[in-house]
Amino acid sequence: MDNLVVEMKGITKVFGGVAANDRVDFALRERSIHGLLGENGAGKTTLMNVLYGLYRPEEGEIFINGRKAHINSPLEAIGLGIGMVHQHFMLCRPLTVVENVMLGKRSRRGILLDTKETASELSALSEKYHMGVDPYSRVWQLSIGEQQRVEILTQLYMGCDILILDEPTAVLTPQETEEFFRTLRRMRDDGKSIILITHKLEEIISIVDEVTVLRDGKMIGHRVVGGDVSTSDLSRMMVGRDVLFDFPEPDTQPGEVKLSLKGIFAKNDKGVDALSDFSLDIRRGEVVGLAGVDGNGQKELCEVLTGMRRVTSGSIQLDGKDITNREPAFYIGQKISHIPEDRHSTGLAINWSLEKNLIVKRLEDRSLKRGPIISTRKIRENWERARSSYQIKANGGSDRARALSGGNQQKVILARELESEPEVLIANQPTRGLDVGASEYVRSKILQARKKGTAVLVVSADLEEILQVSDRIAVIYDGRLMGILPRGASTMDIGTLMMGGKLEKGGER
Ligand SMILES: Nc1ncnc2c1ncn2[C@@H]1O[C@H](COP(=O)(O)OP(=O)(O)OP(=O)(O)O)[C@@H](O)[C@H]1O
Ligand SMILES: [Mg+2]
């Protein structure tokens, strides 16, 4: 049990003069699941990129199975049995699973095997760990959860014994997470050693054997997780204070209907109906939570509401006026804000500066101008405001968005969408990938927008989040509205509707 498969000693990694890792020590035991925790920008991904040979540290030593290693590339890491699944998937979407696996294969096995043989090996592995992956399905047809299993399967196929998973559950539903954890336990019992990065503290408690916490690039604590470690212990270690997702009941009532959907039908990217006869009203000063298992039409609904997808039938009304199928710019002009689900590809221009990313939708905004010209000083002030209220970790506003940690990229989008004083806010998974402190802040901002009269739709796979912020809870399943439940509904009732079931007495419809 005490066999250390990974030992990192005094790792320092500097970016532009700032230490993302500052003399960090980290050790992974054989046959264990080790949680790596820390706020957005704490240095978790950086440390793992060092282990995976993507970054060369300025200082420090790494030992693999007790032997000193110089890991200069992922190829060398793979050679040492280290595999990594990144925060953003790296699959090639038009290809099949087996083709994707074969793309990376030259690395370990050298020789080219034929597709059939690879596919049958993959099937065997998939069966062994109960992953249910069909090697011949095309990646674009797979759900997020399935794509993730493909990523892990690829690593197993390449022969890794040490598996690094960077926020694997951020994109999974509670049910998928359960399933995923069963897979991880099977892998551990089979002799694998796993490093798990996550912001979800309950998950840490439920699955990991030990945990290491980073703060501001430094290792600040290590615990063996047994009965006596609580989520509040962990968040205190991470943030340095208690984090309480405990919001008071709002003291204002929703106003008149702001946004109204009537009998909406829309197709998904594959040309199949994603929304069927979907009707919903959202009032001013109201938060409607949309609960549902990922992939049941939530993404399409948000796109329809922001002009990014056409409806094939039905209508959308804003303040009683028809706005069906207008262009995206029209919706921006109507002060409809959108926090998209896929922040990496649609939320940010990753090669642009942070300052510029913050104002792209506000080029007509007079508060940023001096006369007809956009003022550089005002842009800078706008950035500084966002930076301090959202605690965005960056060197400066001229940094390109790609230099930020995953969670800090999210914060930039949230600042842009929430600070524009929207009249309607469509927030798809607003706290995905955010640390506990930032999640708390974003939820309080959503409630603040509600108080100011914004009509809000919050889409989330996280029922706790839905229950915390919603006045009413709509449940979507297979593109249909299954029912609307009042504030304080039970998670069991919501869960039943999410799975396509019916309630005994039925909710308000
Ligand atoms: N390629 C890079 N260039 C410049 N700075 C970087 C680069 N990668 C990371 N950083 C900086 O290093 C710090 C640590 O980032 P890292 O991605 O390791 O954080 P993290 O703990 O994984 O956060 P998150 O939870 O948000 O994913 C951040 O301040 C980030 O801006
Ligand atoms: Mg990260």
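Quick caveat, the model's predicted, so the values are computed rather than measured. (Residues numbered from 1 in each chain as written. Chains lettered and ligands numbered in written order. Predicted model: local features only at pLDDT ≥ 70, side-chain atom pairs only at ≥ 80, totals over all residues. Heavy atoms only, no water.)

### With respect to the domain arrangement of the chain
In many reports, interface size means the accessible area that the parts give up when they come together. Spelled out, the test is: Where each domain begins and ends is defined by an automated method or by a domain database. Throughout, a residue-residue contact means that at least one pair of heavy atoms, one from each residue, lies within 4.5 Å. Each reported salt bridge corresponds to a side-chain nitrogen of Lys or Arg within 4 Å of a carboxyl oxygen of Asp or Glu. For this analysis, a polar contact is any N or O atom pair within 3.5 Å, provided that within protein one partner can donate a hydrogen and the other can accept it, and provided that sequence-adjacent residues contribute only side-chain to side-chain pairs.
Taken domain by domain, the chain comprises domain 1 (4-239), domain 2 (245-335 + 421-509) and domain 3 (348-417). One C-alpha centre belongs to domain 1, the other to domain 2; they are set 33 Å apart. Taken together, the contact pairs 16 residues of domain 1 with eleven residues of domain 2. Linking domain 1 with domain 2 are zero salt bridges. Joining domain 1 to domain 2, the criterion identifies two residue pairs in polar contact (both at pLDDT 80 or more).

### Considering the nonpolar core
In plain terms, the rule: Grouping buried Ala, Val, Leu, Ile, Met, Phe, Trp, Tyr and Cys residues that are joined through side-chain atoms within 4.5 Å yields what is termed a nonpolar core. Relative accessible area decides the class of each residue, using a 1.4 Å probe on protein chains only: under 20% of the type maximum gives buried, over 50% gives exposed, and in between gives partly exposed. Secondary structure elements are defined from DSSP: runs of H or I of at least 4 residues count as helices, runs of E of at least 2 residues count as strands, and each element is numbered from the N terminus.
Core analysis: the biggest nonpolar cluster contains 72 residues, and Met48, Leu51 and Leu184 have the highest contact counts within it. In terms of residue count, helix α6 (residues 144-157) provides more of this core than any other element does, five residues in total. One finds Ala266, Leu290, Ile323 and Ala474 within the second-largest nonpolar core, a separate group that totals 29 residues.

### Here's the deal with the pattern of salt bridges
The final tally for this structure, using the stated rule, is 31 salt bridges. In this structure, arginine 188 and aspartate 189 form a salt bridge, with 3.7 Å as the shortest nitrogen-oxygen distance. In this structure arginine 188 comes out as buried when scored by relative accessible area, which is 16%.

### Some remarks on the pairing of strand β11 (residues 257-267)
We apply this condition: Two strands are counted as paired when DSSP detects at least two bridges linking them.
Pairing of β11 with strand β12 (residues 273-283), which is carried by seven bridges, proceeds in the antiparallel orientation. Opposite alanine 266, over in β12, you have leucine 275 as the bridge partner. Counting the residues in the hairpin turn of β11 and β12 gives five residues, including glycine 271, whose phi is positive at 85°. In this sheet, strand β14 (residues 313-318) lies alongside β11 in antiparallel orientation, the contact comprising five bridges. Bridge pairing links serine 260 to glutamine 317 in β14.

### Let's talk about the site of ligand 1
Where we set the bar: Each residue is tested against the molecule or strand, and it is near if at least one of its non-hydrogen atoms lies within 4 Å. Computed by Shrake-Rupley with a 1.4 Å probe, the accessible areas treat only the displayed protein chains as cover when residues are assessed. For this classification, Asp, Glu, Lys and Arg are treated as charged, while Ala, Val, Leu, Ile, Met, Phe, Trp, Tyr, Cys and Pro are nonpolar and the rest, including Gly, are polar.
In the vicinity of ligand 1 lie 20 residues, with Gly41, Thr45, Thr46, Ser405 and Gly407 positioned nearest. Between alanine 42 and ligand 1, the recorded distance is 3.2 Å, taken from a backbone N or O atom to an oxygen atom. Between glycine 407 and ligand 1, the recorded distance is 2.6 Å, taken from a backbone N or O atom to an oxygen atom. Burial of ligand 1 by the protein amounts to 82% of the accessible area it has alone, namely 640 Å². Put simply, the parts of the chain that give the shell around ligand 1 at least two residues each are α1 (44-51) and α15 (406-418). Residues that form the shell around ligand 1 fall into these classes: six nonpolar, eleven polar and three charged. Structurally, the shell around ligand 1 is a two-domain feature, drawing no fewer than three residues from each of domain 1 (4-239) and domain 3 (348-417).

### Remarks on the environment of glutamine 175
Looking at where glutamine 175 falls in the secondary structure, it is placed in helix α7 (residues 174-189). In this structure glutamine 175 comes out as partly exposed when scored by relative accessible area, which is 34%.

### Some words on the side chain of threonine 198
Examined against the element boundaries, threonine 198 turns out to sit in the loop between β8 (193-197) and α8 (201-207). Classification of threonine 198 by relative accessible area gives buried; the value is 2%. Among the polar contacts listed, one links the side chain of threonine 198 to the backbone nitrogen of lysine 200, at a separation of 2.9 Å. Within the local environment of threonine 198, its side chain forms a polar contact with the side chain of glutamate 203, the two groups lying 3.2 Å apart. Setting aside residues no more than four positions away along its own chain, threonine 198 makes contact with Leu36, Leu37, Thr169, Glu203 and Ile204.

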